[in-house]
Amino acid sequence: MLYVILSICCSVIVSVLFKMAKRYQVDVYQVITWNYSIAIMLTWLFLKPQLQNLGTGPFYIYASLGVLLPSLFVVIALSVRFSGIVRTEVAQRLSLFIPIIAAFLLFGEALTPLKIVGIVIGFAAIICSIPWQKNNQTLRNRNTNGWMYMLIIFIGMGIVDVLFKQMALNTAVSYNTSLFMVYVIAFVIALIGLIWRFATKRSKFIWPYIFFGWVLGLANFGNILFYIKAHQALATNPSIVFAAMNIGVIVLGAFVGLALFKEKLTTLNKIGIGLALIAIGIIYYSQLH
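In this convention, every chain numbers its residues from 1, walking through the sequence in written order. Confidence filtering applies because this is a predicted model: local features only for residues at pLDDT of at least 70, side-chain atom pairs given and counted only at 80 or more, and all residues used for totals across whole chains, interfaces and linings. With hydrogens and water set aside, each side-chain value is computed from the structure's full complement of heavy atoms.

1. Digging into the confidence of the model for the chain
The predicted coordinates should not be examined in detail at positions where pLDDT is low. A residue-level look at the chain finds 90% of positions with pLDDT of 70 or above and a mean pLDDT of 84. On a scale of 0 to 100, pLDDT captures the predictor's confidence in every residue. Strands are runs of DSSP state E lasting at least two residues, helices are runs of H or I lasting at least four, and both sets are numbered from the N terminus onward. Model confidence for the chain, summarised as mean pLDDT per element, is weakest for helix α5 (residues 97-105) at 75 and strongest for helix α2 (residues 28-47) at 95. Any two residues whose heavy atoms approach within 4.5 Å are treated as being in contact. Scored below 50 in pLDDT, residues 135-139 shows 2 contacts in the model against residues more than four places distant or in partner chains.

Here's what the structure looks like:
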């Protein structure tokens, strides 16, 4: 379980770094771009990708993930800024219902009554987690943005999960090699976008942002590396890793958001967190039976 705990910590550290980026007015576009540069290096050093079989790889998946990952990273940063760590983590973790629905609609997997209950509770948790504010127009506009970002994360991360699962099914190219290619494409796309921002004077190059991006990349890569290690160590109990990871991130994210950053949650938001944990528990139980 040590690998699960380390993966949970790395996942929450990513959100904490985005929260700090807001506080210190860091350009998240630059940080996200440089994050992929260190991720490429770490993947090469630790996961040892084999490039000789790339010709048989699913490049449409690589390209899709290469576009989605940096784009969603920007949205996650904005969501942490407008909605906070707690709600953003809930939206990310509940995105697991998208692959379940996809398995039913696209791959003919049976949708059991228990899974339906879990999905319904999961959507209820999302609704309860939305930041509502009716009295102040400025806050209402901020919360509208926060709601939109959470919805994009929920759908986008679910699609990413589906694509990663399809990538894992390709036996011609190892998962480590595929992950390396995804990071390379994501870095190239993010770098092109960043150069455009420099050219249009939307961003100004600042050296320290490279190091901030590398710290983010370490946490991002650590999350994936330890998650893979956890599945290898608990190969006969993948559902334990799945449940512990999702529940652990929500619980730790809630603690960090409330304790360190004094994020304010309504009673409805707290109910949403509880429903999220229940929904994940139901899906975990349904996977065992």
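2. Things to note about the packing of helix α3 (residues 59-83) against helix α8 (residues 175-199)
Lines fitted to C-alpha atoms define the axes here, with helix axes fitted over just the stretch in contact, and angles between the N-to-C directions of these axes take values from 0 to 180 degrees. Contact geometry for α3 and α8: axes closest at 8 Å, N-to-C directions at 50°. With respect to α8, the axis of α3 lies oblique. For α3 against α8, the interelement crossing comes out right-handed. When α3 is examined against α8, the residues F59, Y62, A63, L65, G66, V67, L69 and P70 are found in contact with a partner set consisting of S178, M181, V182, I185, A186, I189 and A190. Here is the rule for angles: anything less than 35 degrees is roughly parallel, anything more than 145 is roughly antiparallel, 65 through 115 is roughly perpendicular, and the remaining ranges are oblique. In this scheme the handedness of a crossing depends on how the near helix is turned from the far one: anticlockwise by less than a right angle means left-handed, clockwise means right-handed.

3. Some points on α2
For a helix, the expected span equals 1.5 Å multiplied by the residue count minus one. If you check α2, its first and last C-alpha atoms are 27 Å apart, about what 20 residues at 1.5 Å a residue would give, namely 28 Å. By the criterion of burial, α2 is predominantly enclosed, with 15 of the 20 residues buried. A distance of 3.1 Å separates the backbone nitrogen of Y29 from a side-chain oxygen at the start of α2, and that oxygen is part of D27. Where α2 ends, the next residue or the one after it, K48, has phi of about 50°, a positive value. Partly exposed describes any residue whose relative accessible area lies between the buried limit of under 20% and the exposed limit of over 50%, with all areas from a 1.4 Å probe on protein chains only and scaled to the type maximum. Identification of polar contacts relies on pairs of N or O atoms within 3.5 Å, with a donor-acceptor requirement for protein atoms, meaning one able to donate a hydrogen and the other able to accept it, and with residues adjacent in sequence counted only if both atoms are side-chain atoms.

4. A few points about a nonpolar patch on the surface
Together, M41, W44, L45, F46 and L51 make up a nonpolar patch on the protein surface, roughly 520 Å² of accessible area in all. Considering the arrangement of structural elements, one finds W44 in helix α2. Residues form patches when they are more than 30% accessible in relative terms and have no salt bridge. Like charges link within 9 Å. Nonpolar side chains (Val, Leu, Ile, Met, Phe, Trp, Tyr) link within 5 Å. Only the protein chains shown count as cover for residues, and all accessible areas are computed by the Shrake-Rupley method using a 1.4 Å probe. Counted as salt bridges are all cases of a side-chain nitrogen of Lys or Arg within 4 Å of a carboxyl oxygen of Asp or Glu.

5. A few points about the state of the cysteines
In plain terms, two cysteine sulfur atoms within 2.5 Å form what is called a disulfide here. Enumeration according to the criterion identifies 0 disulfides in this entry. This cysteine, C9, is not joined by any disulfide, and C10 carries the nearest cysteine sulfur, 7.0 Å off. When its relative accessible area of 32% is taken as the criterion, C9 is described as partly exposed.

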